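What the coordinates show
Here is what each chain is made of, one letter per residue.
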Amino acid sequence: MIKEKPRLLVCSVDSFPRMGGVSTLAYEVTHALKPMVSECVYLGPKGLHFGRRSVNFSIYEDWESDQSLRAGEGSDLEDERIIDLMKKIIKFYGLDGVVAFHPFYYGPAAAYVGKLLGLPTAVMVHGTELTSQFTGAIDGVSPAPMPTNSLGGRLVRTLDEAGRVVTNSLFTASIARAIAPGIKPTVIGCGIPKAALDHLVRQTPVYRAKLKARRRIRLGLNESPMIAYVGRLVPHKNVDLLIEMGAATGFQVVIMGQGPLRHELETLAGRLGAVVRFYDEADDEKKWQVLEAADFGFLMSGYDRKTGGFEGFGISMLEYCAAGAVCLTTGVHGMADFAEDGKTTINPQTDDGKLNSVRLADLIADEDAMDSIVQEARRKIKEDYTWDRVAENLLGALA
């Protein structure tokens, strides 16, 4: 049984300055964990740094890391190196628990070390890393055996050896069970910082269209209703639907993110006559300014069978809602844990998949209805979707 005040080794191959959902989660949960534990040591690859972010935990930068050895020839020797390193860190700091925020690279060693030393251990999976290796798993199909040193084979072994597998959503848990039927994943969720939520609520306590419009003018945009998107410009995000939505409703669109579909989306916007503003490089301050000026946020992700990409949870959904915008989403896959059509989010499509522009027009004209969705979404975030709550859930899984 883990001590009341544990001393944890946490690790993630996806770490700042590499941007993305896993990097954000690894940092934010570790930051939230520190006040709850006696010691927290973060192990990450060379180049790891947190910039101007507050750091209340110890950091060990793995200068010898070589992520090209996460599978295939040489992976066994790299595992041995990481295992020795983890054992030294655990001994030096007197640690009594191990958490891997990603199943690749550090994940196999973390699962092995925890089992070897008899320490409570958790390995987290987020979704796309599962479907990228096992395309049928999203449909519940168990995989055929794979070579033990392949990425997929190592993933299965890590899930089987981990003391506990934790996931970001119920849907991701179902995929993990399809891949490793013997495991019983624990859902710990995703979140946003409680301090950020409190600040955003103070800034925009209720939804008011005029306040949103004034903020848009200050950003150099026009006053018309606005839909914002934050994320990668890749196929499974379905950002083309956002541009079509902007053209059909007359709402302006702001897209914050980069990716291979950028030129294609610009061409589509020009062809449809949609008013679209792209921001390539946007820091956190700019992101929140845009979201606080938005009436709606967009998260209409699907599943890309070519890459395995899908929405394991959708942190941007929480960010939109916290900033006082209504999230437009179908609520499928990992988004289903939070999304409730008409309560916390809105599905802008009809049952046959067509855009329901009349519903959006009626909704934007009704401030009370918009505010009701904003308030219910914020209530749900405060109760279940802050990083503090995720950290508490993780410690519960380790107990």
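Note that the coordinates shown come from a computational prediction; the quantities given were computed from them, not determined experimentally. (Residues numbered from 1 in each chain as written. Predicted model: local features only at pLDDT ≥ 70, side-chain atom pairs only at ≥ 80, totals over all residues. Heavy atoms only, no water.)

1. Points about the overall build of the protein
When helices and strands are counted, the protein shows 15 helices and 13 strands. Here the protein has a C-alpha radius of gyration of 22 Å; the compact-globule value for 399 residues is 21 Å, and the two agree. Overall, the protein is about 60 × 45 × 35 Å in size when its C-alpha atoms are taken along their principal axes. The buried share among the 399 residues of the protein stands at 53%. Separation of charge centres in the protein, based on 45 positive and 50 negative side chains, amounts to 3 Å. (Helix = DSSP H or I, 4+ residues; strand = E, 2+ residues; numbered from the N terminus. Rg over C-alpha atoms; globule rule 2.2 N^0.38 Å. Buried < 20%, exposed > 50% of the residue type's maximum accessible area, 1.4 Å probe, protein only. Lys, Arg positive; Asp, Glu negative; His and termini not counted. Charge placed at Lys NZ, Arg CZ, Asp CG, Glu CD.)

2. Examining the packing of helix H2 (residues 75-93) against helix H3 (residues 106-117)
Remark: H2 packs on H3, axes separated minimally by 9 Å, with the N-to-C direction vectors making an angle of 55 degrees. By the angle class used here, H2 and H3 are oblique. H2 and H3 meet at a crossing whose hand is right-handed. Every residue of H3 that contacts H2 at Asp79, Ile82, Ile83, Met86, Lys87 and Ile90 is listed here: Tyr106, Pro108, Ala109, Ala110, Tyr112, Val113, Leu116 and Leu117. Split by residue class, the contact of H2 with H3 holds twelve nonpolar, no polar and two charged. (Axes fitted to C-alpha atoms, helices over the stretch in contact; angles between N-to-C directions. Parallel < 35°, antiparallel > 145°, perpendicular 65-115°, else oblique. Left-handed = near helix turned anticlockwise from the far one by under 90°. Contact = heavy atoms within 4.5 Å. Nonpolar A, V, L, I, M, F, W, Y, C, P; charged D, E, K, R; others polar.)

3. Observations concerning the packing of H3 against helix H5 (residues 151-161)
Across the interface, H3 lies against H5 with an axial gap of 9 Å and an inter-helix angle of 30 degrees. With respect to H5, the element H3 is oriented roughly parallel. Crossing hand, H3 versus H5: left-handed. Seen from H3, the contacting residues are Gly107, Pro108, Ala111, Tyr112 and Lys115; seen from H5, they are Arg154, Arg157, Thr158 and Glu161. Of the residues that constitute the contact of H3 with H5, the class distribution is three nonpolar, two polar and four charged.

4. What to know about the packing of aromatic side chains
In total, this model carries 15 aromatic pairs according to the counting rule given. Ring centres of Tyr229 and Phe298 lie 6.1 Å apart, and the angle between their planes is 70 degrees; on these two criteria the pair is classed as edge-to-face. Pair noted here: Tyr229 is in strand S8 (residues 226-230) and Phe298 is in strand S11 (residues 296-298), with a separation of 69 residues, a long-range link. Residue classification places Tyr229 among the buried residues on the basis of a relative accessible area of 1%. Here the aromatic rings of Phe338 and Tyr385 are separated by 5.6 Å at their centres, their planes lie at 90 degrees, and the arrangement is edge-to-face. Here Phe338, found in the loop between strand S12 (326-328) and strand S13 (345-346), pairs with Tyr385, found in the loop between helix H14 (367-384) and helix H15 (387-398); they are 47 residues apart in sequence, far enough to count as distant. Owing to a relative accessible area of 10%, Tyr385 belongs among the buried residues under this scheme. (Phe/Tyr/Trp six-rings, centres within 6.5 Å; stacked < 30°, edge-to-face > 60°.)

5. With respect to the sheet that holds strand S5 (residues 121-125)
One open sheet holds the seven strands; their spatial order is S3-S2-S1-S4-S5-S6-S7, and the pairing between them is parallel. Two strands close off the open sheet at either side, each with one partner strand: strand S3 (58-62) and strand S7 (186-187). Alignment of strand S6 (residues 164-167) against S7, held across two bridges, turns out to be parallel. Within the sheet, the bridge partner assigned to Val166 lies in S7 and is Thr186. Here H2 sits on the sheet and contacts strand S1 (7-11), strand S2 (39-45), S3 and strand S4 (97-100); the angle it forms with S2, its principal contact strand, is near 155 degrees. (Pairing = 2+ DSSP bridges.)

Bear in mind that shape data such as this cannot, by itself, settle questions of function.
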